[in-house]
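As a plain string of letters, each chain reads:
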Amino acid sequence: MLCQGIIPPVATPLINNRELDEPGLERLINHLLEGGVHSLFLLGTTGEGTSLSYQLREKFVKKVCQLTGKRIPVLAAITDTSFEDSIRMAEVYKEAGVNMLVVAPPYYNPLSQSQLQLYLDDLVPRLPLPFLLYNIPSHTKLHISIKSVKHAKELGAVGIKDSTDDLLHIVSLIEAFKDSPEFIILTGSEILISETLMSG
């Protein structure tokens, strides 16, 4: 299973705005692997993916996939304001060896729930890999509703990472998908790990 256990969001070590700190990245990945993590999540909030050039994102993803050597799955975010660049990144990341894509609503211009569903209708058929939905309203201006999550599941989403810090919402997600054990619910909030586990 690609999404289970501890999946740390990986920082992107840089020398400057244009250069990857490759020795630092190698030390970081080795440290995470030695720590026994189950997967790696690249280019999310912690990795500052949306602040990096496409070239730097590509180099980072390729280097991480080389360093992991298929020992654990690698997830990479393709969230962007450009629809076509999201697709292009998805294709590049698949070629690099990524196992799963992470999709959050496009940021900057806020979407409604129905607009998000239409966005997914267009995006998902063009994705070359399985995808995980990512709910992080602090950065996207949209708190993904359970109805929209169900829509994403119908399109093929394998699960959702919820970073709302909203325990009631996470418990509601767990309840909504209790009859679909294959649909994975992850929390991005460290303070809610215990409560989330106890809720199922």
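Just above sits the structure.
Q: Pulling in residues and values, what's your account of the overall build of the protein?
A: Secondary structure summary: the protein contains eight helices and six strands in total. Relative to a compact globule of 200 residues, whose C-alpha radius of gyration would be 16 Å, the protein shows 16 Å and is just as compact. If one aligns the C-alpha atoms of the protein with their principal axes, the spans along those axes are about 45 × 35 × 25 Å. Evaluated residue by residue, the protein yields a buried proportion of 48% over its 200 residues.

Q: Account for the pairing of strand 4 (residues 131-135), naming residues and giving values.
A: For strand 4, the tally of buried residues reaches five of five residues, placing the bulk of the element in the interior. Neither face of strand 4 is left uncovered, since the one carrying Phe 131, Leu 133 and Asn 135 and the one carrying Leu 132 and Tyr 134 both have all their residues buried. Of the strand pairs in this sheet, strand 3 (residues 100-103) and strand 4 are connected by three bridges, and their pairing is parallel. The residue bridging Val 103 from the neighbouring strand is Leu 133, located in strand 4. The handedness of the strand 3 to strand 4 crossover, carried by helix 4 (residues 113-123), is right-handed. Both strand 4 and strand 5 (residues 159-162) contribute to a ladder of four bridges, which runs parallel. When the sheet's bridge partners are listed, Leu 132 is paired in strand 5 with Gly 159.

Q: If you had to explain the side chain of Thr 79 to someone new, which residues and values would you point to?
A: Among the structural elements, Thr 79 can be located in the loop between strand 2 (74-77) and helix 3 (83-96). A relative accessible area of 12% means that Thr 79 is categorised as buried. Polar contacts involving the side chain of Thr 79 include one to the main-chain amide nitrogen of Ala 104, which spans 3.1 Å. If near-sequence neighbours (up to four positions away) are discounted, Thr 79 is found in contact with Thr 50, Arg 57, Ser 86, Met 89, Val 102, Val 103, Ala 104, Pro 105 and Tyr 107.

Q: Could you give an account of unusual backbone geometry, naming the residues involved and the relevant values?
A: At Lys 141, a residue that is not glycine, the phi angle is positive and equals roughly 70°. Inspection of the secondary structure assignment puts Lys 141 in the loop between helix 5 (137-140) and helix 6 (146-155). According to the relative accessible area criterion, Lys 141 is partly exposed, its value standing at 48%. For Asp 165, which is not a glycine, the phi torsion comes out positive at approximately 60°. Tracing the backbone shows Asp 165 in the loop between strand 5 and helix 7 (167-176).

Q: Just give me the short version of the packing of helix 4 against helix 6, but keep the residues and values in it.
A: Interaxial distance between helix 4 and helix 6 falls to 10 Å at its minimum, and their mutual angle equals 10°. Accordingly, the angle class assigned to the pair helix 4 and helix 6 is roughly parallel. Taking contact as the criterion, the partners of Gln 113, Leu 116, Gln 117, Leu 120 and Asp 121 in helix 4 are, on helix 6, Lys 147, Ser 148, His 151, Ala 152 and Leu 155. Here the residues of the contact of helix 4 with helix 6 are counted per class, giving four nonpolar, four polar and two charged.

What counts and how
Residues numbered from 1 in each chain as written. Predicted model: local features only at pLDDT ≥ 70, side-chain atom pairs only at ≥ 80, totals over all residues. Heavy atoms only, no water. Helix = DSSP H or I, 4+ residues; strand = E, 2+ residues; numbered from the N terminus. Rg over C-alpha atoms; globule rule 2.2 N^0.38 Å. Buried < 20%, exposed > 50% of the residue type's maximum accessible area, 1.4 Å probe, protein only. Pairing = 2+ DSSP bridges. Right-handed = clockwise from strand over helix to strand, strands pointing away. Polar contact = N/O pair within 3.5 Å; in protein donor to acceptor, adjacent residues only side chain to side chain. Contact = heavy atoms within 4.5 Å. Axes fitted to C-alpha atoms, helices over the stretch in contact; angles between N-to-C directions. Parallel < 35°, antiparallel > 145°, perpendicular 65-115°, else oblique. Nonpolar A, V, L, I, M, F, W, Y, C, P; charged D, E, K, R; others polar.

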